[in-house]
Amino acid sequence: MVIAFEWYGCLLLLTGMAGSISQRTDPLMPPAPEYAHSIRLDGDIILGGLFPVHARGERGAPCGELKKEKGIHRLEAMLFAIDLINKDPDLLPNVTLGARILDTCSRDTYALEQSLTFVQALIERDSTDVRCASGEQPIFAKPDKIVGVIGAAASSVSIMVANILRLFKIPQISYASTAPELSDNTRYDFFSRVVPPDSYQAQAMLDIVTAMGWNYVSTLASEGNYGESGVEAFVQISRETGGVCIAQSLKIPREPRPGEFDKIILRLLETPNARAVVMFANEDDIRRVLDAAKRNNQTGHFLWVGSDSWGSKISPVVQQESVAEGAITILPKRASIEAFDRYFKSRSLSNNRRNVWFAEFWEENFGCKLGMHGKRPGSPKKCTGLEKVGRDSTYEQEGKVQFVMDAVYAMAYALHRMHRDLCSGYPGLCPRMSNIDGKELLGYIRNVSFNGSAKTLVVFNENGDAPGRYDIYQYQITNRSTEYRIIGHWTDQLHLNMKAMQWASGDSSVPASVCSLPCQTGERKKVVKGVLCCWHCERCEGYHYQASEFTCQLCPYEQRPDQNRTGCQPIPIIKLEWHSPWAVAPIFIAILGILATTFVVVTFVRHNDTPIVRASGREMSYVLLTGIFLCYVTTFPMIAAPGLAVCSFRRIFLGLGMCFSYAALLTKTNRIHRIFEQGKRSVAAPRFISPASQLVITFSLISVQLMGVFVWFVADPPHTIVDYGEQRTQDPENARGVLKCDISDLSLICSLGYSILLMVTCTVYAIKTRGVPETFNEAKPIGFTMYTTCIIWLAFIPIFFGTAQSAERMYIQTATLTVSLSLSASVSLGMLYMPKVYIIILHPEQNVPKCKRSFKAIVTAATMTNKLSQLASERPNGEVKTELCESVDNSSEYRRLLYHALLMLMWHVGQRCDADEVRIQGYKTHKEVIMMGGGNLIKNKIKNYL
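Anyway, here's the lowdown on the structure attached to this text. (Residues numbered from 1 in each chain as written. Predicted model: local features only at pLDDT ≥ 70, side-chain atom pairs only at ≥ 80, totals over all residues. Heavy atoms only, no water.)

Take the overall build of the chain next. A tally of helices and strands in the chain yields 28 helices and 27 strands. A separation of at least 24 residues holds for 68% of the contacts in the chain among residues at least 6 apart in sequence. With an accessible surface of roughly 44,300 Å², the chain has 55% of that area assigned to carbon and sulfur atoms. (Helix = DSSP H or I, 4+ residues; strand = E, 2+ residues; numbered from the N terminus. Contact = heavy atoms within 4.5 Å. Areas by Shrake-Rupley, 256 points an atom, 1.4 Å probe, with all protein chains shown as cover.)

Let us look at the packing of aromatic side chains. The geometry of an aromatic ring pair is captured by the separation of the ring centres together with the interplanar angle, meaning the angle of the planes. Per the counting criterion, the structure on display carries 23 aromatic pairs. Members of the aromatic cluster, joined through ring pairs, are Phe80, Phe340, Tyr343, Phe344, Phe358, Phe361, Trp362, Phe366 and Tyr395. Across the ring face of phenylalanine 713, the terminal group of arginine 651 is positioned such that the distance to the ring centre comes to 5.7 Å. Taking the ring centre of tyrosine 543 as reference, the NZ or CZ of arginine 728 above it sits at 4.0 Å. (Phe/Tyr/Trp six-rings, centres within 6.5 Å; stacked < 30°, edge-to-face > 60°. Lys NZ or Arg CZ within 6 Å of the ring centre and 35° of its normal.)

If the charged atoms of two oppositely charged side chains come close together, the side chains can form a pair. Within the structure shown, the criterion is met by 22 salt bridges. Between arginine 354 and aspartate 83 there is a salt bridge, and its shortest N-O distance comes to 2.6 Å. Of this pair, arginine 354 sits in the loop between helix H10 (338-345) and helix H11 (358-366) while aspartate 83 is found in helix H2 (residues 68-87), placing the two residues 271 residues apart along the sequence. When its relative accessible area of 21% is taken as the criterion, arginine 354 is described as partly exposed. (Salt bridge = Lys/Arg side-chain N within 4 Å of Asp/Glu carboxyl O. Buried < 20%, exposed > 50% of the residue type's maximum accessible area, 1.4 Å probe, protein only.)

By the secondary structure assignment, arginine 107 is in the loop between strand E5 (97-103) and helix H3 (108-115). One buried charged side chain, arginine 107, makes no salt bridge at all; its nearest oppositely charged neighbour is glutamate 255, positioned 4.3 Å away. Apart from the residues lying within four places of it in its own chain, the contact partners of arginine 107 are Arg56, Gly57, Ala61, Pro62, Val157 and Glu255. (Lys, Arg positive; Asp, Glu negative; His and termini not counted.)

Turning our attention to the sheet that holds strand E7 (residues 172-174). Pairing within the open sheet is mixed, and its six strands lie in the order E1-E5-E2-E6-E7-E8. Looking along the sheet, the strands with just one partner apiece sit at the ends: strand E1 (38-41) and strand E8 (191-193). The average undirected angle you get between the axes of adjacent strands in this sheet is 20°. Bridge count between strand E2 (residues 45-51) and strand E6 (residues 146-150): four bridges; the pairing is parallel. Note that in E6 the partner of isoleucine 46 across the bridge is isoleucine 146. Sheet strands touched by helix H13 (residues 438-446): E6, E7 and E8. Its angle to E8, the strand with the most contacts, is close to 25°. (Pairing = 2+ DSSP bridges. Axes fitted to C-alpha atoms, helices over the stretch in contact; angles between N-to-C directions.)

As a further point, take helix H12 (residues 401-422). Taking 1.5 Å as the rise per residue, H12 with 22 residues should run 32 Å; its terminal C-alpha atoms sit 32 Å apart, in good agreement. Burial runs high along H12: 18 of the 22 residues are buried. (Expected span 1.5 Å × (residues − 1).)

With that settled, consider the pairing of strand E9 (residues 216-222). Burial analysis of E9 places seven of its seven residues in the buried class, which makes it a mostly covered element. With burial as the criterion, each face of E9 is covered, one bearing Tyr216, Ser218, Leu220 and Ser222 and the other bearing Val217, Thr219 and Ala221. Taken together, the six bridges between E9 and strand E10 (residues 245-252) define a ladder with parallel strand orientation. Bridge pairing links leucine 220 to leucine 250 in E10. At this point the chain moves from E9, through helix H6 (residues 225-241), to the parallel E10, and the crossover so formed is right-handed. (Right-handed = clockwise from strand over helix to strand, strands pointing away.)

Under the counting rule described, the total for this entry stands at nine disulfides. At a sulfur-sulfur separation of 1.6 Å, the disulfide partner of cysteine 423 is cysteine 430. Taking the sign of the S-S torsion, about -60° here, the bridge from cysteine 423 to cysteine 430 comes out left-handed. Of the two residues, cysteine 423 and cysteine 430, neither departs from the other in class, the shared state being buried. A disulfide bridge connects cysteine 540 with cysteine 552, and the sulfur atoms are separated by 1.8 Å. (Disulfide = S-S within 2.5 Å.)

Core analysis: the biggest nonpolar cluster contains 73 residues, and Met78, Leu97, Ile173, Phe340 and Leu415 have the highest contact counts within it. Ranked by residues supplied to this core, first place goes to H12 with 14 residues. Excluding residues that lie within four positions of it along the chain, leucine 415 makes contacts with Ile45, Leu47, Leu92, Leu97, Met433, Ile436 and Leu441. One finds Cys631, Cys762, Ala825 and Ile840 within the second-largest nonpolar core, a separate group that totals 47 residues. (Core = buried A, V, L, I, M, F, W, Y, C linked by side-chain atoms within 4.5 Å.)

Now for the pairing of strand E16 (residues 470-477). Burial of E16 is extensive: seven of the eight residues sit out of reach of the surface. As paired strands, strand E13 (residues 328-332) and E16 are joined by five bridges and run antiparallel to one another. Bridging across to E16, proline 332 finds its partner in tyrosine 470. Pairing of E16 with strand E17 (residues 482-490) involves eight bridges; the strand directions are antiparallel. When the sheet's bridge partners are listed, glutamine 474 is paired in E17 with arginine 485. The turn linking E16 back onto E17 is made up of four residues.

Attention now moves to helix H5 (residues 198-211). End to end, H5 covers 19 Å across 14 residues, agreeing with the expected 20 Å (1.5 Å per residue, within 8%). Looking at H5, one finds that the buried residues are Asp198, Gln201, Ala202, Ala204, Met205, Leu206, Asp207, Ile208 and Val209. With its phi angle positive at about 80°, glycine 213 sits one or two positions after the end of H5.

Another point: the sheet that holds strand E25 (residues 573-574). Strand order across the open sheet formed by three strands is E25-E27-E26, with mixed pairing between neighbours. Edge positions in the open sheet fall to E25 and strand E26 (720-727), since each of these has one partner strand only. Relative to E26, helix H22 (residues 809-832) is tilted by about 115°, and along the sheet it contacts E25, E26 and strand E27 (736-741).

This part covers the environment of alanine 466. Counting through the fold element by element, alanine 466 comes out in the loop between strand E15 (457-458) and E16. Here alanine 466 falls in the buried class, since its relative accessible area comes to 5%. For the pair formed by alanine 466 and valine 195, sequence separation is 271 residues and the distance between their alpha carbons is 5.5 Å.

Quick look at the environment of valine 157 now. Along the chain, valine 157 turns up in helix H4 (residues 155-165). Here valine 157 falls in the buried class, since its relative accessible area comes to 2%. Non-local contacts of valine 157, meaning those with residues more than four positions away in its chain, are made with Thr104, Arg107, Asp108, Ala111 and Ala152.

If you want it as structure tokens, here you go:
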């Protein structure tokens, strides 16, 4: 590349030598200002250096005040490293390193102008049109050829300079530039750095924020590559990893207007919950931000997280200690170089003339003035030259000194290996290195590996970046002093000592910087749209549990949420217990009923052949008592814990007891009804009225129930289920699973339905036979029994099915069913058998062996009487008795009818009387039998006819 410049006048000779240092006879006199722009050290190989010796100028001035630490300390570190290398016989033997060091004045545009000095030797100049004032051809000083550059400090400066240096293939190693943008090897291929990029720093700062539990933070960046790219990297990583939201991202202008920092503080206060502020800002901006926070009475509110530009520097926090208290800062892992401390403390005006800015540093450091040309014209104190650094002024090694020395050594080791490969055995520079190829040198730089000045490994990756190693500091105020205390470190992952941290409140607990407080256990986060770290807490209601941070899920049907609603647990299973009040009453009634039934059965068995027992129909009575007994016994399997056996017994006994009872009663009432109806139509006895026939009819009716139960067993074998819907209350704490047999309401209706049908039919017959003569003592008790039973079961239906939705359903329905069965049995037992037992036990004199009135005999005799009365009405008055008697004696039709009636009467009476009392021996015996067994009406009429 050929770049043509017009050089005006012979002053170009001076321009080419602008960095030269003329000898001064007065050691206390500062150098002339026009030469104080660079430092030049002669050597076989010249390295360039870029340092922010001065701050950015104001009101159009390129440079401002001197930077003692970031400028002079770092510059001297490069000079010190070159001295050590030149003295080292094993490193670049017989080769001397030189330097050309420039001041960037902390401004990228100014640094770009200065960096043109580094490329002058590579520019071919056209001087044909240039003449001196005397007309002579000008003599150009040969510019130094720069093989590599150390610097710059600010990322914005490094980016600007790197764009120029890459055009001329000059390698560059920075000691402080950390912008992630510089890792782009396609744009900044000749750039390397011994400090880790801000992408590592941003990751480390994000890990700190996460470790503190802060998920809602603001960011603050100085305008420029360092600040903007640092914040951009932080935001990008936080988005990728999640968990941290950015409340606000503010930028500090390069040229802030008055009141700008107060506006920034007010903007940050718009999101008061975002107390943590992540700062990628330069030292000056940090100081002014803290000052603005102090002016706005926000001491202790903000939680500062500073990048390496804050690090462990004192200048940003001077006179603002209370506002900065608790600030967490990060700094690449470094160590203080004791050899440099000794070197720098030994510097004086007399032995450090090579540093053109040292005199200015001297004035600034000691607060004095050097002669009439000094930089501090208002200072009353004059410098003596005998002042000593560290004795007459405070001194603390600047944090990047180590990295400046490592950058110089990295360049030296690369040159050394290049010299070893190209000039093996050749003393000094061989011809092959007289014109060093920058691209070739870059390859050696990227492959260096050595222990740096702090005994840490110095290496570069493919992008020229150093590995990430950081120390974590916290600015703490103690009773005695203020200090930056190391609280952890970061090397690929964070190691933080939480116990070593101290906050402005004096409390060891970490302050909060969250948009929303954490939700309680059992609550889910309902995220505010667009802000993942802001949410409303909603409790998982009902049978839902907290499945994740953001969702509630429904527990399985057989489970309910645990106490914390973080999981599900089985719903407790209950059953009707024996000690429950709902079970005690039915059991008590059932036991009394069983005892009473047993007493009746025993009484009937002991008096089995007595007239009352025989007159009650012994066979049917025992069947009926068996049904009553089963009704009482059913209470126990209904209350017992459900199991296969219990469920089987429930199915069998549920309707069987009622079926036994009402089948027997139905047979009895049907027999009575048929006898009466038959008597109205004919004198012939009805069919199937014998005891054996009655038993066959009864058991035929019972077999229908048993057949239905058998079919039920086959179609749906008995088993237990847990019904979680019966007591599934709105409050899961009260939810219970009910262990019960698999008997549905429909199955229950079918099982009891047949018995209820028998009961209704029996009631109908009881109504039909309600008009029997008073002397018949069976029909009316049966009628009263059926009426009462119907009332009981009519009351049962609304109670049982009306409580289907009740939480106490199991208890109410079981108690209602068992009590209804027991009451039905008790009604039958009390009305049908207790009067008989009363007579048998308390009035045995009435239970004597005499004939009782036969219901069929009465019916038959009543029929005959009606016929006889019709015949008598046809005779004339006064002749009735004689003619009737004659008619009875002489008429064969009357003899046949009367004889048949007597036989019927004798047959029925014979069932109720002892056999030896019934002897058919002529009409007289018939008459006696009729007199014993017939009613008064029949007796009187038969007396008249016989």
